[in-house]
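# Summary of the model geometry
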Amino acid sequence: MKMRNLALPGLFWLFVAYLFLPLLVMAAMGFRDSNFVAFPIHSWTTKWYSEVLLDRDVMEALWLSARVAVFSTVISVAVGLPIAFAVARTSGVMRGLLIALILLPAFLPVVVSAISLRIFIGRIGLETGTAAIAFGHAVGSVPFVVIMVLTRLNTMGRNMADAARNLGADDVIILVRIVLPYLSPALLGAFMFCLLLSFEDFVRSFFLGGFEQTFPVLLFARLRFGFDPGLAAISTLVLIATTGFGLYAERFVRKRSLRSETSLTSGAKND
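Procedures and definitions
- Residues numbered from 1 in each chain as written.
- Predicted model: local features only at pLDDT ≥ 70, side-chain atom pairs only at ≥ 80, totals over all residues.
- Heavy atoms only, no water.
- Helix = DSSP H or I, 4+ residues; strand = E, 2+ residues; numbered from the N terminus.
- Buried < 20%, exposed > 50% of the residue type's maximum accessible area, 1.4 Å probe, protein only.
- Contact = heavy atoms within 4.5 Å.
- UniProt positions renumbered as here; feature names shortened; annotations may be inferred.
- Salt bridge = Lys/Arg side-chain N within 4 Å of Asp/Glu carboxyl O.
- Core = buried A, V, L, I, M, F, W, Y, C linked by side-chain atoms within 4.5 Å.
- Phe/Tyr/Trp six-rings, centres within 6.5 Å; stacked < 30°, edge-to-face > 60°.
- Axes fitted to C-alpha atoms, helices over the stretch in contact; angles between N-to-C directions.
- Parallel < 35°, antiparallel > 145°, perpendicular 65-115°, else oblique.
- Left-handed = near helix turned anticlockwise from the far one by under 90°.

Of regular secondary structure, the protein chain possesses eleven helices and zero strands. Each helix and strand of the protein chain, placed in order from N terminus to C terminus, yields the pattern α-α-α-α-α-α-α-α-α-α-α. Counting every position in the protein chain, which comprises 271 residues, the buried fraction comes to 35%. Put simply, of all contacts in the protein chain between residues at least 6 apart along the chain, 72% involve residues at least 24 apart.

The structure is reproduced here in structure tokens:
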């Protein structure tokens, strides 16, 4: 019985080690005082971290990835929100077909999607570069926005909107003062998730970027000449930043969700 009780925690920690040990090894390589990546580490240094922070190409790639992530996320939310409203108004077979169609870009192989987008932007006369990358990332992010917003919409009772209409509110007031505040946790979660999804998207950036390199594309280009501690250092910094952003986003969205539900509940009691 005791062995059975220890088996599940043991398997859990084995899985954690499987996930995080490669990341820890990569972080350690960023402190190696050598031009080559290998164990054991006889001497440690922080020079690689200072060098990559002063590397102009790396900083430009990071800035481009950040701009693309923001642009594509804004497009994704702006497109995904009304689509979620439209799906929420349907039911039955039509609803299933719409959801399947919307989710199709998320299930297509990324290479197939990237090649299709490259052909498409050529047809419409859009040049490769920042705009093309942002458009491609948005195509891949819209399904996640729709699902997250739709999931939140399904938990919203119709009595809120009906009560507002009975009190004389029109559709615009209901949208601005009831629906959007209720959806704000899902919208914030979708926004932050799409930011991270766009930042790490390599395949679409590679096919749509032309001569403009996002951070994942720059890493790939440098890896062709070998993996050095400098790449480990910048990868570790990006990992720490994205992990911190993700943890903060999860905590912020959870607090916002609880606050939204509490305010709506107290408002209903007051009415």
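Structure shown, so let's carry the discussion forward.
This next bit is on the UniProt feature "transmembrane region" (unreviewed entry) in the protein chain. The sites that carry the UniProt feature "transmembrane region" (unreviewed entry) are, in the present numbering, residues 67-88, 97-121, 133-153, 174-199 and 230-249. Along residues 97-121, the helical share is 92% and the strand share 0%, with 27 Å between the first and last C-alpha atoms. Annotated as 100% helix and 0% strand, the span residues 174-199 places its first and last C-alpha atoms 35 Å apart.

What follows deals with the pattern of salt bridges. When the charged atoms of two side chains lie near each other, side chains of opposite charge can form a pair. Applying the stated rule across the entire model yields four salt bridges. Its salt-bridge partner being D55, residue R222 comes within 3.0 Å of it at the nearest N-O pair. On the criterion of sequence distance, the pair formed by R222 in helix α10 (residues 215-223) and D55 in the loop between α2 (47-53) and α3 (56-88) is long-range, its members being 167 residues apart. According to the relative accessible area criterion, R222 is partly exposed, its value standing at 27%. For the salt bridge of R222 with D57, the shortest nitrogen-to-oxygen distance reads 3.9 Å. Of the two residues, R222 is situated in helix α10 and D57 in helix α3; the sequence distance between them amounts to 165 residues. Overall, D57 belongs to the partly exposed group, its relative accessible area being 44%. In the salt-bridge network here, residues are joined through shared partners; they are D55, D57 and R222.

What follows is about the nonpolar core. Counting residues in hydrophobic clusters, the biggest one holds 20 residues, and the most contacted among them are V145, V149, V179, L183 and L187. Only α3, α6 (130-154) and α8 (171-199) provide two or more residues apiece to this core. Per-element accounting of this core gives the leading share, eight residues, to α8. Dropping the residues within four chain positions of it, V145 is found in contact with S76, V77, G80, L81, A190 and C194. Counting 14 residues, the second largest nonpolar core, distinct from the first, contains V52, F199, A233 and I234.

Before going further, it helps to examine the packing of aromatic side chains. Following the criterion strictly, the structure yields seven aromatic pairs and no others. When the ring of F120 is compared with that of F135, the centres are 6.0 Å apart and the planes differ by 15°; the resulting orientation is stacked. Of the two residues, F120 is situated in helix α5 (residues 110-123) and F135 in helix α6; the sequence distance between them amounts to 15 residues. In this structure F120 comes out as partly exposed when scored by relative accessible area, which is 40%. With 5.9 Å between their ring centres and 80° between their planes, F206 and F220 make a pair best called edge-to-face. With F206 in helix α9 (residues 203-208) and F220 in helix α10, this pair connects stretches of sequence that are 14 residues apart.

Running from N to C, α3 and α6 point in directions that differ by 40°, and their axes come no closer than 6 Å. Between α3 and α6, the angle falls in the class oblique. As for how α3 packs across α6, the hand of that crossing is right-handed.

The next point concerns the packing of α5 against α6. Relative to each other, α5 and α6 sit at 130°, their axes nearing to 11 Å. When the interaxial angle is binned, α5 and α6 end up oblique. Considering only the axes of α5 and α6, their crossing is right-handed. Residues L117, F120 and I121 of α5 lie in contact with α6, whose contacting residues are A132, F135, G136 and V139.

Within the secondary structure, L104 is located in helix α4 (residues 92-107). Accessibility expressed as a relative area gives 44% for L104, which makes it partly exposed.

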